[in-house]
Amino acid sequence: KRKEDYKLRELRIFLRDICRKLASNRRFYKFTKPVDLEEVTDYLEIIKQPMDLETMMTKVDMHKYNCAKEFLDDVDLICANALEYNPDKTSSDKQIRHEACSLRDHAHALIDVEMDSDFELECQEIARRR
Ligand SMILES: Cc1noc(C)c1-c1cc(NS(=O)(=O)c2ccccc2)cc(C(=O)O)c1
């Protein structure tokens, strides 16, 4: 195995831990699974690229993320989708938008606190080469 494969394995272990922490926080329950298209029947008319935390965990296992930035881009996508699909002044729309912004900020904060910035820069170098 190449040296960079060991770095990517360390990245996967780290991202699984971040994903588990986010998915186990009750505030983020609505983002843990794909939006149920039987329940939310017009969802795909509005949201062209659905994303959720369970899908992200699967993407980690399938080596789809080569750096933390790519992982955070998918968290930002979960948040952007929720803001786009739930834009109204109703309390339920306001609540899910608040939960979505909280998910995004928690994910970025977890990465900033727990991730060595030089390690992320090395991973971004690997991502650029692939
Ligand atoms: C996410 C999301 N984005 O737009 C909307 C609208 C939601 C969303 C989706 C669901 N129902 S769901 O079956 O798709 C589901 C349940 C549990 C975990 C993940 C998804 C419920 C709610 C709610 O407010 O209760 C909100």
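Above this text is the structure in question.
The shown structure was predicted, so the numbers you read here are calculated from the model rather than taken from an experiment. (Residues numbered from 1 in each chain as written. Predicted model: local features only at pLDDT ≥ 70, side-chain atom pairs only at ≥ 80, totals over all residues. Heavy atoms only, no water.)

Peer 1: I keep staring at the overall build of the protein chain and nothing clicks. Help me out?
Peer 2: Within the protein chain, the regular secondary structure consists of six helices and zero strands. Considering the protein chain as a whole, with its 130 residues, one finds that 38% of them fall into the buried category. Each charge class in the protein chain was averaged separately, 24 positive and 28 negative side chains, and the resulting centres sit 3 Å apart. (Helix = DSSP H or I, 4+ residues; strand = E, 2+ residues; numbered from the N terminus. Buried < 20%, exposed > 50% of the residue type's maximum accessible area, 1.4 Å probe, protein only. Lys, Arg positive; Asp, Glu negative; His and termini not counted. Charge placed at Lys NZ, Arg CZ, Asp CG, Glu CD.)

Peer 1: What is the right way to read unusual backbone geometry from this model?
Peer 2: What is expected of a backbone is that most residues other than glycine have negative phi and most peptide bonds are trans. A positive phi angle, close to 60 degrees, is found at His63, a residue other than glycine. Note on placement: His63 falls in the loop between helix H3 (53-61) and helix H4 (68-85).

Peer 1: Sorry, what's going on with helix H1 (residues 3-23) here?
Peer 2: What sets the pattern is the α-helix's 3.6 residues per turn: residues three or four places apart point alike. With 21 residues, H1 should reach 30 Å at 1.5 Å per residue; the first-to-last C-alpha distance of 31 Å fits that figure. Of all the positions in H1, only Glu4, Asp5, Lys7, Leu8, Leu11, Arg12, Phe14, Leu15, Ile18, Cys19 and Leu22 are classed as buried. Residues of H1 that are buried in the fold lie against H3, H4, helix H5 (91-114) and helix H6 (117-129). (Expected span 1.5 Å × (residues − 1). Contact = heavy atoms within 4.5 Å.)

Peer 1: Any chance you could explain the nonpolar core here in plain terms?
Peer 2: General note: in soluble globular proteins, nonpolar side chains tend to be found buried as a group. Among the nonpolar cores identified, the biggest contains 33 residues, and Leu15, Phe31, Met56, Phe71, Leu103 and Ile111 are the most heavily contacted of them. Counting residues per element, the ones that place at least two in this core are H1, H3, H4, H5 and H6. Contact partners of Phe31, with chain neighbours within four places excluded, come to Asp52, Leu53, Ile78, Ala82, Ile96, Glu99, Ala100 and Leu103. (Core = buried A, V, L, I, M, F, W, Y, C linked by side-chain atoms within 4.5 Å.)

Function-wise, these values are silent; they only describe arrangement.
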